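Summary of structural features
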There are 2 protein chains.
Amino acid sequence: MTKHIPNLQVALDHSDLQGAIKAAVSVGNEVDIIEAGTVCLLQVGSELVEVLRSLFPEKLIVADTKCADAGGTVAKNNALRGADWMTCICCATIPTMKAALKAIQEERGERGEIQIELYGDWTFEQAQQWLDAGISQAIYHQSRDALLAGETWGEKDLNKVKKLIDMGFRVSVTGGLNVETLKLFAGLDVFTFIAGRGITEVADPAQAAREFKEEIRRIWG
Amino acid sequence: MTKHIPNLQVALDHSDLQGAIKAAVSVGNEVDIIEAGTVCLLQVGSELVEVLRSLFPEKLIVADTKCADAGGTVAKNNALRGADWMTCICCATIPTMKAALKAIQEERGERGEIQIELYGDWTFEQAQQWLDAGISQAIYHQSRDALLAGETWGEKDLNKVKKLIDMGFRVSVTGGLNVETLKLFAGLDVFTFIAGRGITEVADPAQAAREFKEEIRRIWG
């Protein structure tokens, strides 16, 4: 059986287009997936997605809209600008998720996917509904504000990630990750690690991304 | 006891800045609150808020970000451009909501408020936590996609709205509202009715807004 080596995704969570683009240029070629972060999308709009697509024609690009409603419209808007994947928040209705999936696949074909962002008190029964709707990617989060309030990755989180993987999800994990914390996930078939400031806000972002990739290969390779 | 007459809020849910601004100019003076809608914010960024503030210096302006994380950053970004209120999604963590409230009040003073957008399976226990965090506005939704899938306002919705009001929330309601459906809410102390296309996509938006206001006064005046 071939082992999957987790992807590395960089999240561009800047509040300005220039900062996000500068960070993207500095690390885009080192990572597998480039994310237009929610903070930046809300601040500058989907022009961010368009610029990323023009800079990186071949890379997977995610619009982290955390879409809660009007899934078809938001997915179409972002897919037209070049997003392959888009996120929906877990408390969106199933019709919203289905509409988003339909719209992104109409523009991007089979490359188009929806990812569910897990926040708050979602249930595994809901997770099964997402699978039934044709959505098999989920993002397990430690929220930035919860991290600032002192929470961290624990056994409870890892068990939930494992259960989602066992259900058939490809699971991305994110929130306060750095090269040292990757080993917490050893033994779990994580699909993608998402890092933001841990890569973009250091002196040499490309080198930081390479160190993430090396540690991922060391543990999962 | 003085009765509260519900506010009328127009939601600008366009996918382009020009359409949103044109709609705002056509009805802004007829409504109590102007909302920069999520679809439009994700598409053009918070410049929309800035333009609305410059056009309507005295009106209450809401940035409907449906913020799920990084509450402090998103609230600051929108407050700096002139938003008085901002929405958080109900599955955001309490630290996110508190960070958003703190940031918006730092920029806008007591006028600054956070509203919780109710989607999916929130609980009244969570609602009490929002009140305890100093947030007393909630938005009860019929999601656009659920409406398209055939759902509508029912007794179950009205009972939940009433319970939230009884807990101490000022509750806005939205989703497929028109002048004819307002009377479904008669007897409920609704804080604000939010309408989008029901106002902006008709031949005479200003007249449509006035008809909403007249019907509101007829029922609650």
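Residues numbered from 1 in each chain as written. Chains lettered and ligands numbered in written order. Predicted model: local features only at pLDDT ≥ 70, side-chain atom pairs only at ≥ 80, totals over all residues. Heavy atoms only, no water.

Within an unreviewed UniProt entry, the label attached to chain A reads 3-keto-L-gulonate-6-phosphate decarboxylase, and the organism entered is Streptococcus oricebi.

1. Looking at the pattern of salt bridges
What counts is decided by this rule: Salt bridge, as used here: a side-chain nitrogen of Lys or Arg that lies within 4 Å of a carboxyl oxygen of Asp or Glu. Under the DSSP-based scheme used, a helix requires at least four consecutive residues in state H or I and a strand at least two consecutive residues in state E, with every element numbered from the N terminus. Any residue under 20% of the maximum accessible area for its type is buried, any over 50% is exposed, and the rest in between are partly exposed; the area is computed with a 1.4 Å probe on protein chains only.
Counted by the stated rule, this structure contains 24 salt bridges over all chains. Here Arg81(A) ties to Glu50(A) by a salt bridge, and the two come within 3.3 Å at their closest N and O atoms. With Arg81(A) in the loop between α4 (71-80) and β4 (85-89) and Glu50(A) in helix α3 (residues 47-55), the pair connects residues that are 31 residues apart, well separated along the chain. Note on Arg81(A): relative accessible area 25%, which makes it partly exposed. Notably, a salt bridge pairs Glu113(B) with Arg170(B), separated by 2.6 Å at the nearest N-O pair. On the criterion of sequence distance, the pair formed by Glu113(B) in strand β5 (residues 113-118) and Arg170(B) in strand β7 (residues 170-174) is long-range, its members being 57 residues apart.

2. Topic: the nonpolar core
Side chains of nonpolar character tend, in soluble globular proteins, to be buried together. To keep things clear, this is the line we draw: Throughout this description, the term nonpolar core refers to a set of buried Ala, Val, Leu, Ile, Met, Phe, Trp, Tyr and Cys residues connected via side-chain atoms within 4.5 Å. Note on contacts: a residue pair qualifies if any of its non-hydrogen atoms lie within 4.5 Å across the two residues.
Judged by nonpolar contacts, the single largest core of 146 residues is most densely connected at Met86(A), Val173(A), Phe185(A), Met86(B), Val173(B) and Phe185(B). Not counting chain neighbours up to four residues away, the residues in contact with Met86(B) comprise Ala63(B), Thr65(B), Cys67(B), Gly71(B), Val74(B), Ala75(B), Asn78(B), Ala100(B), Ile104(B), Glu113(B), Ile114(B) and Gln115(B).

3. Some thoughts on helix α1 (residues 17-27) of chain B
All buried positions along α1(B) are accounted for by Gly19(B), Ala20(B), Ile21(B), Ala23(B), Ala24(B) and Val27(B). Of the surrounding secondary structure, the elements contacted by the buried residues of α1(B) are β1 (7-12), α2 (38-44), α3 (47-55), α9 (197-200) and α10 (205-220) of chain B.

4. Observations regarding helix α5 (residues 94-108) of chain A
Residues and elements named next belong to chain A. The condition that has to hold: A helix is expected to span 1.5 Å for every residue after the first.
Its 15 residues place the ends of α5 21 Å apart at the C-alpha level, agreeing with the 21 Å of an ideal helix rising 1.5 Å per residue. All buried positions along α5 are accounted for by Thr96, Met97, Ala100, Leu101, Ala103 and Ile104. Two residues or fewer past α5, Gly109 is found with a positive phi of approximately 70°.

5. Overview of the relation of the copies chain B and chain A
Condition: Least-squares superposition aligns the copies on the C-alpha atoms of those residues with pLDDT at or above 70 in both.
The transformation that overlays chain B on chain A combines an axial shift of 0.0 Å with a rotation of 180°, and the residual RMSD is 0.0 Å. In the structure described here, the two chain copies are related by an operation that fits a two-fold rotation axis. Minimal C-alpha distance to the rotation axis in chain B is attained by Gly45(B), lying at 2.1 Å.

6. Side note on the environment of Pro6(A)
Position of Pro6(A) relative to the elements: it lies in the segment before β1 (7-12). If sequence neighbours within four positions are ignored, Pro6(A) has contacts with Val190(A), Phe191(A), Phe193(A), Ile216(A) and Trp220(A).

7. Re the sheet that holds strand β2 (residues 33-36) of chain B
Residues and elements named next belong to chain B. The line we're drawing: Strand pairing follows a simple DSSP-based rule, namely that at least 2 bridges must link the two strands. Lines fitted to the C-alpha atoms define the axes, with helices restricted to the stretch that makes contact. Angles between their N-to-C directions range from 0 to 180 degrees.
The eight strands lie next to each other as β1-β2-β3-β4-β5-β6-β7-β8, forming a closed barrel whose pairing is parallel. When strand polarity is set aside, the average angle formed by the axes of neighbouring strands in this sheet is 25°. Pairing between β5 and strand β6 (residues 137-141): four bridges, direction parallel. The residue bridging Glu117 from the neighbouring strand is Ile139, located in β6.

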